[in-house]
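This is what each chain is made of:
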Amino acid sequence: MEHLDLLLPMSIVGVVLGSMYALPAMGIVMIYKTSRVLNFAHGAMGMFSTFVAYQLSVLWHLPSALAVVGAVVFAALLGLVIERFTIAPLEGKPTLSKVVVTLGWLLVLTAAAGFLWGASAYHAPISLAPPGTVHLPGVEISYLQIMNLAVAAGLTALLAFFFKRTRLGTAMRAVADNVKAARILGIRVSVVNSASWVVGSVLAAIAGILLSPMITLNTTQLTLLVVSAFAAALVGGLVSLPITFAAAIGLGILHSDIGIWVTTPGPKDLVTLGVILIALLWRGSGLARSLESA
Amino acid sequence: MSRGGLPEVLSVTADTAAVGRRSTLPAKRSGLALIALAGILIAALGPLAIGNFYSFLFAQALSYGIVLLGLVVVVGLLGQPSLMHAELMGLGAGVTATLVQVYHWDFWAAGLAAVVVGYLTGMVVGLPALRIKGLALTLVTLAIARLFDQLVLPSKVLAGSVVGRTISRPNLGPLSLDSDRAYYEVALGVFILMVVLVLTIRRGKLGRIFRAVRESELGAAASGVSLTRYKLLGFATSAAIASLGGVVALGLTGSYSPAPYDWTRSLVLLAMLTIMGSASVTGAALAATVIIVVPHFLRGFSNIVDQATQLIAGGTLIIQTIVSPRGLVPTVGAQVREGMEKRRTRGKGLGPPGEPGSIEEPATWETEVTQPTEVVSGREKR
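Residues numbered from 1 in each chain as written. Chains lettered and ligands numbered in written order. Predicted model: local features only at pLDDT ≥ 70, side-chain atom pairs only at ≥ 80, totals over all residues.

A closer look at the overall build of chain A
We count it as follows: The secondary structure listing takes helices from DSSP runs of H or I that are at least 4 residues long and strands from runs of E that are at least 2 residues long, numbered from the N terminus. Put simply, the radius of gyration uses C-alpha atoms, and a globule should come to 2.2 Å times the residue count raised to 0.38. Residues with at least 20 neighbouring C-beta atoms inside 10 Å of their own are called buried, those with 12 or fewer are called exposed, and the rest are partly exposed, where every C-beta is derived from the backbone. Contact between two residues is assigned when their C-beta atoms, built from the backbone, lie within 7 Å.
Secondary structure assignment for chain A yields 13 helices and 2 strands. Its C-alpha radius of gyration of 19 Å places chain A within 12% of the 19 Å reference for a compact globule of 294 residues. Principal axes of the C-alpha set define a box for chain A whose edges measure 60 × 45 × 35 Å. Sorting the 294 residues of chain A into buried and exposed places 51% on the buried side. Looking at chain A alone, contacts between residues at least 24 apart form 76% of all its contacts between residues at least 6 apart.

Written out as structure tokens, the structure is:
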């Protein structure tokens, strides 16, 4: 094995990459736990919001901070609209129909972004952090990586706090545990469902925006981030947020380290598929039960 | 239009025949068979009227129609949405092109080999079904689709070079298929064969088992159905049919490149079929027409057409799932049948007018056959 000296720096890139998988993965888990929907459009939602930030900052030359705020507000509205108008009306219908709706959104958002910003065009990255690196013994870390990691860690901590300490977070956990009991206790399940979609959408948007300078920004890449996010979410059994987070970091490291030896994107996808399969088989019976109700 | 309607006419009747099996009188069934025969005849004679160019276009639609028939098996009958059927089509085309160009196989032998490869691939894809239930399998198909897009379809083995592979139009024994009209007839023949196959599956024991699995895996397993065996069989059959569609498409265009077979195309196929009615053979034909023929008339906008198709397909899918989840063909079909019942009962003086179903109740049977989205509607979320 050559290039072993690259292992540490690439792994650090991987940790950052993984933290970017973790945000949408946690969103997927949240949405799944409350409304029992596998959201295939999750990546597309993040992608579209990222392009809103791109529009504001790169095309309209607004300050980055303002663009991010704009995109986050947009993401919240998008999540709300999708849940209120297309998922909520299917209450009581089989989950398959809700999943079909998310597939519809996946198509709509990808095509709409293609219309607005060009599917294969080059998109200048959104500049979020000053260029430059910090020297540590043995490795260099860019400001961007530090910022991404900090934001991801901060958001995860915030999410943990939200679930443990706030009324809405507690209500979400209650709905995730038992919808009927939660309803009897006076929790407004529809509000909780909307909230999980809004938070999920915002998480996906932030991940997309942070990730965009690290990858080639186009409509496909971020949309298919959903596959990696799903992989992490499945390792967490679609239930556990901490395991999901750890799995996402692990997957990020794997993806990044593969890049040392092969540069084509194929093997990465092979790893993702492998993780999905192993997670499904390993989590088999437990997942089967939870997906059976899905 | 004379053309676009053809395969549909054929399969509308086939559909109705299948659905109405329990409720239809022998006289009516022979009438339907007559209509089906007339439909096939019109479809077969169509090229005389429309010329080479449109023959090419409709032959292409037929190749997609075959893929969609494969999708009917896995989505409509087995209730497992697949997001990799365009990739399976590409696999069929790619394997055939490689065998013909590199190993100088006969086109049809290569096509047969490609179908076998498709069948085996379907089995491998279905393997996780041993442990995985429900919609997680859809997720697996998305991951595999991605893998195919990146690794398999553009690989050196299948695509050869960046530009892909080119082969010449095959002959059928002594018959030259060089004209697009002639090739259209072959495509139509394969399509009809696949319609018959899918209808046979749907009406037979296998179809009943598939539906049982779709409606409740637990229930089916409890009745002694081997989930593993039938899921694998369903996936493999579906994948083989999809690969065959790719073979037919390759023979028509003579070129293989991975580009047309990506995940968005798979998604459009699934969306269109679901819109039209996922268990419906007519739906498959209609969906193929919409995907291939309609965009052609918008060709002036070239690149944008693909996105427009996706946008419309996605938007329609969302609205329709909420408003009328059964799909276009079953919904319209139920209404047509209701109207026919009304007229028939009135004509024979059986029962008062305006009271459909006074003799038979086709509507209930209909929902049972073609309503994958509502089969478990009784089940509560936890």
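Continuing now.
Observations regarding unusual backbone geometry
Residues and elements named next belong to chain A. Even without being a glycine, histidine 61 presents a positive backbone phi close to 55°. Among the secondary structure elements, histidine 61 is positioned in the loop between α2 (42-59) and α3 (64-87). Phi at leucine 238 takes a positive value of approximately 60°, unusual for a residue other than glycine. With respect to the helices, strands and loops of the structure, leucine 238 is situated in the loop between α10 (225-235) and α11 (241-261).

What to know about the packing of helix α4 (residues 95-117) of chain A against helix α11 (residues 263-276) of chain B
Defined as follows: Fitted lines through C-alpha atoms give the axes, limited to the stretch in contact for helices. The angle between two N-to-C directions lies from 0 to 180 degrees. Small angles under 35 degrees read as roughly parallel and large ones over 145 as roughly antiparallel, with 65 to 115 read as roughly perpendicular and the rest as oblique. When the near helix sits turned anticlockwise from the far one by under a right angle, the crossing is termed left-handed; a clockwise turn instead gives a right-handed crossing. Gly falls in the polar group here, along with every residue not listed as nonpolar (Ala, Val, Leu, Ile, Met, Phe, Trp, Tyr, Cys, Pro) or charged (Asp, Glu, Lys, Arg).
In contact at an axis separation of 10 Å, α4 of chain A and α11 of chain B are set at 130° when each is read in the N-to-C sense. One finds that α4 of chain A runs oblique with respect to α11 of chain B. Of the two possible hands of crossing, α4 of chain A and α11 of chain B adopt the one that is left-handed. On α11 of chain B, the residues touching Val100, Leu103, Gly104, Leu106, Leu107 and Thr110 of chain A of α4 of chain A are Thr264, Leu267, Val268, Leu270, Ala271 and Thr274 of chain B. Of the residues belonging to the contact of α4 of chain A with α11 of chain B, the class tally is 8 nonpolar, 4 polar and no charged.

Concerning the confidence of the model for chain B
Residues and elements named next belong to chain B. Convention followed: Confidence of the predictor at the level of single residues is given by pLDDT, which spans 0 to 100.
Chain-level statistics for chain B give a pLDDT mean of 80 and a share of 80% at 70 or above. Looking across chain B, the model is least confident in helix α15 (residues 362-369), with a mean pLDDT of 34, and most confident in helix α3 (residues 85-101), with 96. A low-confidence stretch, residues 350-382 stays under pLDDT 50, and its non-local contacts, those more than four residues away or across chains, total 65 contacts.

Topic: the nonpolar core
Filter applied, for reference: Note on terminology: a nonpolar core is any set of buried Ala, Val, Leu, Ile, Met, Phe, Trp, Tyr and Cys residues joined through C-beta atoms within 7 Å.
Formed by 205 residues in total, the largest nonpolar core has its most connected members in Ala232 and Ile276 of chain A together with Leu68, Val72, Met272 and Leu273 of chain B. Residues contacting leucine 68 of chain B, with those up to four places away along its chain left out, are Leu269, Leu273, Ala284, Ala287 and Ala288 of chain B.

Here's the deal with the packing of helix α12 (residues 266-282) of chain A against helix α5 (residues 136-152) of chain B
Look at α12 of chain A against α5 of chain B: their axes get within 8 Å of each other, and the N-to-C directions meet at 165°. Between α12 of chain A and α5 of chain B, the crossing angle belongs to the class labelled roughly antiparallel. The handedness of the crossing between α12 of chain A and α5 of chain B is left-handed. Where α12 of chain A abuts α5 of chain B, its residues Gly266, Asp269, Leu270, Thr272, Leu273, Ile276, Leu277 and Leu280 of chain A lie against Ala136, Leu139, Val140, Ala143, Ile144, Arg146, Leu147, Gln150 and Leu151 of chain B. Across the contact of α12 of chain A with α5 of chain B, the residue classes break down as 12 nonpolar, 3 polar and 2 charged.

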